[in-house]
Amino acid sequence: MVSNYDRILAEITKEARQLAPDHGVDAEALVTVAMEIVDLEDQHRIKSINIKQQVEDKIFTTAVSQMPLQDS
């Protein structure tokens, strides 16, 4: 039996592998941030948290980590 988590992870992984190369980002980074957001949504369902700010922070951190380093 496959859990919801496993199904979500499989679908996100499939999409990330398809989209990442076209946008120059690491597929694993996309999977990680997406699953962190899924976890935040689950936490928010159980206990009210400041989800908007936490999601924005996770996306920002991932985006910055994926930026190519510029030579000066």
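Model, not experiment: these values are computed from the prediction.

Caption draft 1: Geometry of the overall build of the protein chain. The helix and strand tally for the protein chain stands at three helices and zero strands. Listing the helices and strands of the protein chain from first to last along the sequence gives α-α-α. By the compact-globule yardstick of 11 Å for 72 residues, the protein chain is too spread out, its C-alpha radius of gyration being 14 Å. Principal-axis analysis of the C-alpha atoms gives the protein chain an extent of 45 × 30 × 10 Å. In the protein chain, the share of contacts with a sequence separation of at least 24, taken over all contacts with a separation of at least 6, comes to 34%. When the accessible surface of the protein chain is summed, it comes to about 5,800 Å², and 57% of that surface belongs to carbon and sulfur atoms. Both charge centroids of the protein chain, one from 7 positive and one from 13 negative side chains, sit 8 Å from each other.

Caption draft 2: Layout of helix α2 (residues 27-46). In a regular helix each residue adds 1.5 Å, so 20 residues correspond to 28 Å; α2 covers 29 Å between its end C-alpha atoms and thus fits that length. Along α2, the residues classified as buried are Ala27, Ala29, Val31, Val33, Met35, Ile37 and Leu40.

Caption draft 3: Here's a closer look at the pattern of salt bridges. Applying the stated criterion across every chain yields a total of three salt bridges. Two residues, Lys52 and Glu56, come together in a salt bridge whose shortest N-O distance is 2.7 Å. Residue Lys52 and its partner Glu56 are both found in helix α3 (residues 51-66); the two are separated by four residues, about one turn of the helix.

The rules behind these values
Every residue gets a number counted from 1 within its own chain, in the order that chain's sequence is written. In keeping with the model being predicted, local features are shown solely for residues with a pLDDT of at least 70 and side-chain atom pairs are shown and tallied solely at 80 or more, while totals for entire chains, interfaces and linings include all residues. The basis for every side-chain value is the complete set of non-hydrogen atoms in the structure, without hydrogens or water. The helix and strand labels rest on DSSP assignments: H or I over at least four residues marks a helix, E over at least two residues marks a strand, and numbering proceeds from the N terminus. The reference for a compact globule is 2.2 Å times residues^0.38; the radius of gyration itself is calculated from the C-alpha atoms. In what follows, residue pairs with any heavy atoms lying within 4.5 Å of each other are defined as contacts. Computed with a 1.4 Å probe, the accessible areas rest on the Shrake-Rupley method; for each residue, only the protein chains presented here act as cover. This count recognises Lys and Arg as positive and Asp and Glu as negative, with His and chain-terminal groups excluded. The location of each charge is read from NZ of Lys, CZ of Arg, CG of Asp or CD of Glu. The span expected for a helix works out to 1.5 Å for each residue beyond the first. Each residue gets one of three labels from its accessible area relative to the maximum for its type: buried under 20%, exposed over 50%, partly exposed in between, using a 1.4 Å probe on protein chains only. Criterion for a salt bridge: a side-chain nitrogen of Lys or Arg within 4 Å of a carboxyl oxygen of Asp or Glu.

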